[in-house]
Amino acid sequence: MASVRDNQYLDHELHVALLAVQRAAILTKSVFHNHAKGTLNKSDASPVTIGDFGAQALIISALQHNFPDDEIVAEEEAKDLRGEKGQEVRETVWNLVSQTRLENKEYEETLGGSVKSADAMLDLIDKGDSQGGGKGRIWAIDPIDGTKGFLRGGQYAVCLALMIDGDVKVGVLGCPNLPISDSEPLTEGIGKDASDEEGKFGVVFAAKEGYGAVSCPLSKRGDLKMDEINMKPLENVADATFCESVEAGHSSQGDAAAIAKKLGITKPSVRMDSQAKYGSIARGAGDLYLRLPVRADYVEKIWDHAAGELIVREAGGMVTDSEGNRLNFKLGRTLKENKGVIAAPKNVHGKVIEVVKEVLGAKQ
Ligand SMILES: Nc1ncnc2c1ncn2[C@@H]1O[C@H](COP(=O)(O)OS(=O)(=O)O)[C@@H](OP(=O)(O)O)[C@H]1O
Ligand SMILES: [Mg+2]
Ligand SMILES: [Mg+2]
Ligand SMILES: [Mg+2]
């Protein structure tokens, strides 16, 4: 198979996305170590921090510099940073955004360098307001996925994907708290080698449709030393390790336990925040990702899945909703036709879906 590294198709997009995610990840890391998180509550009562705003501004700045005509669907908006009420948070975010850069100057230039002013930063954040859909080039950004995990010192991910006509073509996930090494086992806490002295911290996963998936250490320079990743072969689903959300409000842990039991799985689940779950199974650190609806009225957001879904598929896995249908990214900012997510190696995915249907069906 052609490799993600050895062809020209969407190479510039992948390169910019890898650098933009690394730069944004550096910002989030510095928030974690040096700041009060500046947490605000959004209208749905979920948290947003100065790290989410800052990372979104930096990623959009890089996309606007390189691809000014592309549309962007991003999770956050700048409303709460505007005016007198927003002044304090705005200034903190601006400090972070104006100070964060990749140590490699050439890479920093590729991203277009610094944002011009605090006002320009707010406008960049609000450029992520596209309604999405199945036509043209649209980027999806989750500047911090797993904000609750980020606040807890657990897993989180900086997520960026490019969709063309509603199909995800490029996906990048920066996971600052995962182990750097692809051979470390799946754990609930921060990876034991998540930070080393040479400016490396965590891992970035990437994929290009049709060309495979890779991982690369996250670094302050933005270096791109990539290794191919693959899902672990799994002959018997009973031997699987599965991962699920930490937050019981995001995925039904009771249903997951019932499904695992029916599949003969005896290993306990690994609870991990964010799309770090997709990256982890894509590199063979775990086998299955189960996300089972808690509430009938919750619709999944495209930025919570676009990058991870492609990375798992390109690593040899299959990703569907709980009925076995592919995720449909063509319908706007949400996955309104899909409920739940089941990611598994191709050879066992059908069996897992069968049992998911049995368990969810029995509840109705
Ligand atoms: N009710 C409900 N059901 C399903 N999903 C929900 C729900 N509420 C929120 N969210 C979204 O979950 C995102 C966090 O991802 P995870 O559930 O994988 O991780 S976590 O354990 O909850 O941290 C989280 O993403 P971030 O907001 O980027 O952190 C939310 O978009
Ligand atoms: Mg959020
Ligand atoms: Mg998210
Ligand atoms: Mg988020």
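The rules we used
Residues numbered from 1 in each chain as written. Chains lettered and ligands numbered in written order. Predicted model: local features only at pLDDT ≥ 70, side-chain atom pairs only at ≥ 80, totals over all residues. Heavy atoms only, no water. UniProt positions renumbered as here; feature names shortened; annotations may be inferred. Helix = DSSP H or I, 4+ residues; strand = E, 2+ residues; numbered from the N terminus. Expected span 1.5 Å × (residues − 1). Contact = heavy atoms within 4.5 Å. Phe/Tyr/Trp six-rings, centres within 6.5 Å; stacked < 30°, edge-to-face > 60°. Buried < 20%, exposed > 50% of the residue type's maximum accessible area, 1.4 Å probe, protein only. Polar contact = N/O pair within 3.5 Å; in protein donor to acceptor, adjacent residues only side chain to side chain. Donors = N, O, S within 2.8 Å, 3.2 Å for Na, K, Ca; no water. Near = heavy atom within 4 Å. Areas by Shrake-Rupley, 256 points an atom, 1.4 Å probe, with all protein chains shown as cover. Nonpolar A, V, L, I, M, F, W, Y, C, P; charged D, E, K, R; others polar. Domains from an automatic or database assignment. Pairing = 2+ DSSP bridges. Axes fitted to C-alpha atoms, helices over the stretch in contact; angles between N-to-C directions.

- As annotated in an unreviewed UniProt entry, the chain is 3'(2'),5'-bisphosphate nucleotidase from Friedmanniomyces endolithicus.
- Database annotation for the chain, UniProt heading Function (unreviewed entry): "Converts adenosine 3'-phosphate 5'-phosphosulfate (PAPS) to adenosine 5'-phosphosulfate (APS) and 3'(2')-phosphoadenosine 5'-phosphate (PAP) to AMP."
- UniProt annotates the chain under Sequence similarities (unreviewed entry) with the comment "Belongs to the inositol monophosphatase superfamily."

1. Concerning helix α10 (residues 346-362)
Here's step 1: Here α10 is 17 residues long and its end C-alpha atoms lie 25 Å apart, about the 24 Å a rise of 1.5 Å per residue gives.
Here's step 2: Buried residues belonging to α10 abut α7 (253-262), β12 (288-291), β13 (317-320) and β14 (341-345).

2. Looking at the packing of aromatic side chains
Here's step 1: By the definition in use, this model includes five aromatic pairs.
Here's step 2: Judged by centre distance (6.2 Å) and plane angle (40°), the ring pair of Tyr9 and Tyr211 falls under tilted. Placement of the pair is Tyr9 in the segment before α1 (11-34) and Tyr211 in the loop between β7 (200-208) and β8 (213-219), with a sequence separation of 202 residues.
Here's step 3: Given the relative accessible area of 21%, Tyr211 is considered partly exposed.
Here's step 4: Between the aromatic rings of Phe32 and Phe150, the centroid separation amounts to 6.0 Å while the plane-to-plane angle is 55°, which identifies the pairing as tilted.

3. Focus on the UniProt feature "binding site: Mg(2+)" (unreviewed entry) in the chain
Here's step 1: UniProt feature "binding site: Mg(2+)" (unreviewed entry): in the numbering of this structure it lies at Glu75, Asp142, Ile144, Asp145 and Asp304. Maximum C-alpha separation among the annotated residues is 9.7 Å over a sequence range of 230 residues, consistent with a single clustered spot.
Here's step 2: Structurally, the position occupied by Glu75 is in the loop between β3 (71-74) and α3 (87-99).
Here's step 3: Judged by relative accessible area, Glu75 falls into the partly exposed class, the value being 22%.
Here's step 4: There is a polar contact of 3.0 Å between the side chain of Glu75 and the side chain of Lys42.
Here's step 5: Among the structural elements, Asp142 can be located in strand β4 (residues 137-145).
Here's step 6: Apart from residues no more than four positions distant in its own chain, Asp142 is found in contact with Glu75, Ala157, Val158, Cys159, Trp303 and Asp304.
Here's step 7: Reaching out from Asp142, the side chain makes a polar contact with the backbone nitrogen of Asp145 at a distance of 3.5 Å.

4. Quick look at the coordination of the magnesium ion (ligand 3)
Here's step 1: Those donors, Asp142 (OD), Asp145 (OD) and Asp304 (OD), are the protein atoms that reach the magnesium ion (ligand 3), and they lie 1.9 to 2.1 Å from it.
Here's step 2: Here the donor residues of the magnesium ion (ligand 3) are spaced in sequence according to D-x2-D-x158-D.
Here's step 3: Here the magnesium ion (ligand 2) and the magnesium ion (ligand 3) are spaced 5.1 Å from one another.
Here's step 4: Classification of Asp145 by relative accessible area gives buried; the value is 8%.

5. Observations regarding the site of ligand 1
Here's step 1: Close to ligand 1 lie 20 residues, the nearest being Ser245, His250, Asp273, Lys277 and Asp304.
Here's step 2: With respect to ligand 1, the side chain of Tyr298 contributes an N or O atom lying 3.1 Å from a nitrogen atom.
Here's step 3: Look at ligand 1: alone it shows 630 Å² of surface, and the protein chains cover 90% of it.
Here's step 4: Residue assignment for the shell around ligand 1 shows that the elements contributing at least two residues are β4 and β12.
Here's step 5: The leading source of residues in the shell around ligand 1 is β4, at three residues.
Here's step 6: Here the residues of the shell around ligand 1 sort into four nonpolar, six polar and 10 charged.
Here's step 7: Split by domain, the residues of the shell around ligand 1 number at least three in each of domain 1 (11-229) and domain 2 (237-361).

6. Considerations on the sheet that holds strand β11 (residues 270-271)
Here's step 1: Pairing is mixed across the open sheet formed by five strands, whose spatial order is β11-β10-β12-β14-β13. What marks the edges here is a single partner per strand, and that holds for β11 and β13.
Here's step 2: Sheet analysis places β13 next to β14, joined by four bridges and oriented antiparallel. When the bridges of β14 are listed, Thr320 appears paired with Ile342.
Here's step 3: Packing of α7 onto the sheet brings it into contact with β10 (242-244), β11 and β12, and relative to β10 it is tilted by some 170°.
Here's step 4: Packing against the sheet, helix α9 (residues 306-314) makes contact with β13 and β14, and its axis sits at approximately 145° to β13.

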